[in-house]
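# Breakdown of the fold
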Amino acid sequence: MAGPAKTSERSISLLLLGLLAFSPPLLVIFSGRATIFGIPSLFAYLFSAWVVLIALSRILAERARPDDGARVPPPGQR
Amino acid sequence: MLKGWIILLASIAYLCILFAITYYGDKRADRGRSLIANPYIYALSIAVYCTSWTFYGSVGRAAASGIDFLTIYLGPTLTFVAWWFVLRKILRISKAHRITSIADFIASRYGKSTVLGGLVTVIAVVGIMPYISLQLKAVSTSFRLLLEYPAIVMPKTEYVPHFLGDTALLVAGCMAAFSILFGTRHIDASEHHEGMVAAIAFESIVKLIAFLAVGVFVTFGLYGGFGDLFAKAAARPDLAKLFVVDSGAYGQWITLTVLSMAAIICLPRQFQVTVVENVDEDHLRKAVWLFPLYLLAINIFVLPIAFAGMMQFPGGNVDADTFVLTVPMAAKQEGLALFAYIGGLSAATAMVIVATVALSTMVCNDLVMPVLLRIRAFRLHEKGDLSGLLLAIRRGSIIGIIMLGYLYFRFIGESVTLVSIGLVSFAAAAQFAPAIIGGIYWRGATRRGALAGLSSGFLVWAYTLLLPSFARSGWLPIDFVAHGPFGMTLLRPYELFGLGGVDHMTHALFWSMLTNIGLYVAVSLFSRQGAIERIQAALFVDVFRWSGERGSQFWRGTATVSDLQALVARFIGNRQADRAFGEYAKGRKINLSKMPEADAQLVNFAERLLAGAIGAASARVMVSTVAKAEIISIDEVMKILDETSQVIEYSHQLEEKGRELEQATTELREANARLQELDRLKDDFLSTVSHELRTPLTSIRSFTEILHDNPDLALGERERFLGIIAKESERLTRLINQTLDLAKMEAGRMEWQMERLNPKAVVEDAAAAVGGLFEERGVRLEVQLPFRLPMVYADRDRLMQVLVNLLSNAADFCDEANGRVVVWGSAKQDQITIGVTDNGSGMPKSAQKQIFEKFQQADTARRGRTGGTGLGLSICRQIVEHFGGEIGVESRLGEGAQFIFHLPTAAAVERAGAKGGQRHPLSQLIPAAGKRLRIRKKNEVPAE
């Protein structure tokens, strides 16, 4: 469980990491003829970076502490 | 064979299943056992993002330009990664304010502005129109393709199937009917459509499985897996170029990523499922990774299908947007083709249903109702139950919106690829982003700023994307695109102000965002906020600080309870209103029937209840008709806001200060206890001293009196008496000297002549000094010192005083017969040890502890005989401790005593001195207080 401040820092960092991972210069680097297990390197890179980002995002989300009063039921709702 | 009726039957059966799910979901919701109260359904419902665009269009895009179709899914992933900052906050605000749509959200933030809500609605309807046409196009195209099975014939624009008339119109009609069935069955107080959400989640599963089924068939059925497929594609130069991105595509890649990052929040239907339909904020936590995972899964086979399609249909006469369908058809997989068609249908229906429900809510709440309420001729205020009217407006607007989409498709969209149609909508939705993001983080953003930004952004969008599409379809002269309006080349819509060389989307995004953000910021900076605006701004920006009910403190409303309840009932129905008010009363343990006047809280509650049905802006207007709810003055508002934020700030500081104070108090208390103890010791000391002084004084006085009263006393007697007087005076002097010494030392006023000394010399001098005394007593004194002792840092006279004191003490306690005293020394590491050992009577264990205290002597009876004052050892201890050493005694009764003291060597003292400075005498006197309170001057000690 991480406090709000920590979660904020981690979220920002992860967002920056994601922006970096999907930035065109990196894609150009992977735009080669090479293949990984028969899959062109660009596709392999993009999908694996995506998987890593999702996994990190999951870790972050599950460690974030739900702050107090997170669930305010709207009045008069069933 | 796939007959027309089979396809039709399958479609209708599928839609019936959907409707059954909706119906069941709503029933469950009514009974309070929500079907959608789990994060998985929530994540699947967000996947309404994947429409026909994803299902058919991605493959088309991939076939045309390779990997960049993926940006549309990477963008939302990034936005969800940043959920903590954006989505979570929007969700919390929307829950607190019962937001019903994106127009409601923006209108609420900027002072519940009806104008702004209307503008957002117009932008949304116009902007989403192409997107809906995309779905219609995809469904009708796929239907007509399937109809031709086993032949693969691209439907021609002018082609009209003979028995169904215009397919797209038919599809549009069906969609409208289903949207009305799904979304507007009744007016819900909270604008939740649980049944619809359940159906959407089901559709997300269907389209994912259908797409994966086609993908698996193509990759592993037609080819030998990914490697085989990619290898075969790589062999063809026209496909191989799709394997890479060339550096010229930077702009497009970034544009698409930014657009889709904004779209996942700003598209009205995404806002609807993600924010409005959310039942539990905690679900977001799982959805933030489940939804991107869904996006990833549905994209795995896009490239394989695209490459397979291009290899299967090398002529280029089959539209790549249809590969998902045509590749299984070409492989004679009629079952799979039908399943793919159903998958595409589910993708399209999900989008159309949610989008039209969201848009119709906006049209009703933010466009039509405010107008109706304003026009007095309708006398809407006086009408009874309005929930029927609300439903009618919504149903009408659903039909209208879908028809707009149909018209766009019919006149413009037929010749354009799916993705390029959809992107136009994305660009329109992205216009909301500055007003939303700015609205939740920038307190100073004003209504005028939002109005200026939104309207200018929308106009630029229309000019650079919408109008050219009209022109290209022949509805405007094509010269408009080629040479600009009236031949003004500077205003060419695809190269505005000469910005050429970039793709249309980047171009439009640049100009629209430039004006949108530019005007939003600039106008906000130079315009003032109204009172409601300020309140709403504060409530939005600081949503985590204010709890849900906070808004009420800004209103002073008066209305009767029955008026309020009647008002609410007119919009959401009697039964629902009764229940809501009942729960309100129960929650606060009040009896509404005994409360004729509604307080501000209840007025606020009614307004929020109403906002759930008709939007914040309209609710404001309606409540004001029955409640004289007026906002308290702006000064007061600012006071409350400022006070509260200051109070929070202060309380943090106070907490900090409180902790410091507590610590200081503890220290003070300790110091005080220590000082009280010292005070008591001082009193004891004084009384002891006066007692000790009295003894010799009494003796002197009595002998003086005897001498005075008996002048004829014999000479021998007289001399003996005078001797006693002299001895007692001497003792008195010594006592006073020692007392003064001790007091000086304790107070730290003693003047010390600290220097480097050879202890051996001092010991030898001391032994020589007391030599006479020992001889007189007949006690033997031995000095056993090593050849060399390290230097110490001390005051020579004081060290001498210690040694003399210890030696004379030893002499006093020895028997005269075979008394023997040894003074010895040794050195170890950083300290030297000097001991004085005698073979006298010794002392009991209990006495050893006290012997260094003042006026404590091991054998009181002997005091008179030896002339000891009881202060000598006390002084010794003070001196030794001042030198940084310690003193102690070891003894057993009858076996003599051994006084030992250790002193640090000069080298050790200098080392320590370099580190921390010399110990201050005060710190020995009051260790606790001296250290922590940093009393620097001895004069400040109250004990003095």
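To keep things clear, this report deals only with the structure shown in the data block. As the structure is a computational prediction, the values presented were derived from the model and not from experiment.

### Quick look at the overall build of chain B
Tallying secondary structure elements over chain B gives 39 helices and 11 strands in all. Counting all 944 residues of chain B, 48% fall into the buried class. In chain B, of all internal contacts separated by at least 6 residues, the share reaching a separation of at least 24 is 81%.

### Remarks on the overall build of chain A
If you tally the helices and strands in chain A, you get three helices and two strands. When the helices and strands of chain A are read in sequence order from the N terminus, they spell out α-α-β-β-α. Across the 78 residues in chain A, those meeting the buried criterion constitute 28%.

### Some points on helix α14 (residues 283-299) of chain B
Residue and element names in this part refer to chain B. Here α14 is 17 residues long and its end C-alpha atoms lie 24 Å apart, about the 24 Å a rise of 1.5 Å per residue gives. Along α14, the helix axis deviates most sharply at W289, where the bend reaches about 25°; the proline P292 sits within four residues downstream. Where burial is concerned, most of α14 is hidden: 13 out of the 17 residues are buried.

### Here we look at the sheet that holds strand β10 (residues 886-891) of chain B
Residue and element names in this part refer to chain B. The strand order β6-β8-β9-β11-β10 describes an open sheet built from five strands, whose pairing is mixed. The open sheet has two edge strands, β6 (780-784) and β10, and neither has a second partner. The mean inter-strand angle of the sheet, taken between neighbouring strand axes irrespective of direction, is 15°. Sitting on the sheet, helix α31 (residues 759-769) is in contact with β6, β8 (820-828) and β9 (831-838), with an inclination near 175° to β8. Sheet strands in contact with helix α36 (residues 872-882) are β10 and β11 (897-904), and its direction is about 135° off that of β10.

### A word on the interface of chain A and chain B
Listed per partner, the contact involves 40 residues of chain A and 50 residues of chain B. At the level of secondary structure, the elements contributing two or more residues to the side of chain A that touches chain B comprise α1 (4-21), α2 (24-30), β2 (39-40) and α3 (41-63) of chain A. A per-class count over the side of chain A that touches chain B returns 24 nonpolar, 11 polar and five charged.

### Quick word on helix α13 (residues 268-276) of chain B
Counted residue by residue, α13 of chain B has nine buried out of nine residues, so it is predominantly covered. Considered for burial, the residues of α13 of chain B that qualify are P268, R269, Q270, F271, Q272, V273, T274, V275 and V276 of chain B.

### Regarding the nonpolar core
Soluble globular proteins tend to bury their nonpolar side chains together. Residues and elements named next belong to chain B. I106, V120, C266, I305, A306, A427 and L610 are the most contacted members of the largest nonpolar core, which totals 243 residues. At 25 residues, helix α17 (residues 334-374) tops the list of elements feeding residues into this core. Ignoring anything within four residues of it in the chain, the contact list for I106 reads L116, V120, F432, A435, I436, G439 and A450.

### Describing the pairing of β9 of chain B
Residue and element names in this part refer to chain B. Sheet topology note: the β8/β9 ladder contains eight bridges and is antiparallel. Bridge pairing in β9 places W824 opposite G835. Between β8 and β9, which pair antiparallel one after the other, the connecting turn spans two residues, and Q829 there sits at a positive phi close to 50°. Relative to β11, β9 is paired through seven bridges, and the arrangement is antiparallel. Bridge assignment links Q831 to a residue of β11, and that residue is P904.

### Digging into the packing of helix α15 (residues 302-312) of chain B against helix α16 (residues 323-330) of chain B
Residues and elements named next belong to chain B. Contact geometry of α15 with α16 gives a least axis separation of 10 Å together with a crossing angle of 55°. Of the possible angle classes, the one that applies to α15 and α16 is oblique. Handedness of the α15/α16 crossing: left-handed. Contacts from I305, A306, A308, G309 and Q312 of α15 reach α16 at F323, V324, T326, V327 and A330.

### Details of the environment of S204 of chain B
All names here are of chain B. Relative to the helices and strands, S204 is located in helix α9 (residues 194-222). Taking the number of C-beta atoms within 10 Å as the measure of exposure, S204 has 25 and is therefore buried. Residues S204 and I46, 158 residues apart in the sequence, show an inter-C-alpha distance of 8.8 Å. With residues up to four places along the chain from it excluded, the contact list for S204 reads L44, A47, V48 and A350.

### Here's the deal with the packing of α17 of chain B against helix α18 (residues 387-411) of chain B
The angle between the axes and the distance between the axes are what describe a pair of packed helices. All names here are of chain B. The contact between α17 and α18 brings their axes to 8 Å, and the two run at 125°. With respect to their mutual orientation, α17 and α18 come out oblique. Judged by the twist between their axes, the crossing of α17 over α18 is right-handed. Between α17 and α18, the contacting residues are V352, T356, L359, S360, T361, V363, C364 and V368 on the first element and L390, I393, R394, S397, I398, I401 and I402 on the second. Across the contact of α17 with α18, the residue classes tally to 10 nonpolar, four polar and one charged.

### Side note on unusual backbone geometry
Residue and element names in this part refer to chain B. Phi at R98 takes a positive value of approximately 50°, unusual for a residue other than glycine. Inspection of the secondary structure puts R98 in the loop between α5 (87-97) and α6 (102-109). A count of 27 C-beta atoms within 10 Å places R98 in the buried class. One non-glycine residue, Q829, adopts positive backbone phi at about 50°. As for its position among the elements, Q829 is in the loop between β8 and β9. On the neighbour-count criterion, Q829 (9 C-beta atoms within 10 Å) is exposed.

Calculation rules
Residues numbered from 1 in each chain as written. Chains lettered and ligands numbered in written order. Predicted model: local features only at pLDDT ≥ 70, side-chain atom pairs only at ≥ 80, totals over all residues. Helix = DSSP H or I, 4+ residues; strand = E, 2+ residues; numbered from the N terminus. Buried ≥ 20, exposed ≤ 12 C-beta atoms within 10 Å, placed from the backbone. Contact = placed C-beta atoms within 7 Å. Expected span 1.5 Å × (residues − 1). Bend = angle between axes of the 7 residues up to and from the residue. Pairing = 2+ DSSP bridges. Axes fitted to C-alpha atoms, helices over the stretch in contact; angles between N-to-C directions. Nonpolar A, V, L, I, M, F, W, Y, C, P; charged D, E, K, R; others polar. Core = buried A, V, L, I, M, F, W, Y, C linked by C-beta atoms within 7 Å. Parallel < 35°, antiparallel > 145°, perpendicular 65-115°, else oblique. Left-handed = near helix turned anticlockwise from the far one by under 90°.

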